[in-house]
Amino acid sequence: MAPWSVDPRTQRPMKPHTAAPPALTLAFLVGLGGPLRAQLPTTPADRWNRAAMEWVELLDSEDFAAAGARVDPAVPDGAMDAPALEQIWTQVSAQLG
């Protein structure tokens, strides 16, 4: 392969893509000092997604009282309390399998 190639769109010479030498890659990995630690979600969307998944897991484990306790107080009484959530979850589970 030639050291230079031609961009087919512009017909201009371009350098070939080269990978980092293995020694450089290894030196970078050793320089990290070990595995990276797990990080908690930092964006508001990640926190909301995690909270939503925890709520669905409560429903899936049939802990409707705990799931109802997490519902916003602005929701009208009885709309999403434990009996209502149990009924909703039963219907959703029956439809989705």
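We now turn to the structure provided with this report. (Residues numbered from 1 in each chain as written. Predicted model: local features only at pLDDT ≥ 70, side-chain atom pairs only at ≥ 80, totals over all residues. Heavy atoms only, no water.)

Re helix 4 (residues 82-96)
Worth spelling out the cut-off: To qualify as a helix, a DSSP run of H or I must reach at least 4 residues; to qualify as a strand, a run of E must reach at least 2; elements of each kind are numbered from the N terminus. In this analysis, the expected span of each helix is defined as 1.5 Å times one less than the number of residues it contains. Residue burial is assigned from relative accessible area. The probe radius is 1.4 Å, only protein chains are included, and a residue is buried under 20% of its type maximum, exposed over 50%, and partly exposed in between. Our arc is simply the arc of the directions from the helix axis toward the C-beta atoms. The contact criterion used throughout is that any non-hydrogen atoms of two residues lie within 4.5 Å.
With 15 residues, helix 4 extends 21 Å from end C-alpha to end C-alpha; this agrees with the ideal 21 Å at 1.5 Å per step. Taken together, the buried positions of helix 4 are Ala-84, Leu-85 and Trp-89. Projected down its long axis, helix 4 shows its buried positions confined to an angular sector of 125°, all on one face. In this structure, helix 4 carries Pro-83, Gln-87 and Ala-94 as exposed residues pointing more than 90 degrees from its buried face. Next to the buried residues of helix 4 lie helix 2 (44-60) and helix 3 (64-69).

Structural notes on the nonpolar core
Our working definition: The term nonpolar core refers to a set of buried residues drawn from Ala, Val, Leu, Ile, Met, Phe, Trp, Tyr and Cys, joined through side-chain atoms within 4.5 Å.
Listed in full, the 6 residues of the largest apolar core are Leu-58, Leu-59, Phe-64, Ala-67, Leu-85 and Trp-89. When residues of this core are traced back to their parent elements, those giving at least two are helix 2, helix 3 and helix 4. Setting aside residues up to four positions removed in sequence, Ala-67 forms contacts with Trp-55, Leu-58, Leu-59 and Leu-85.

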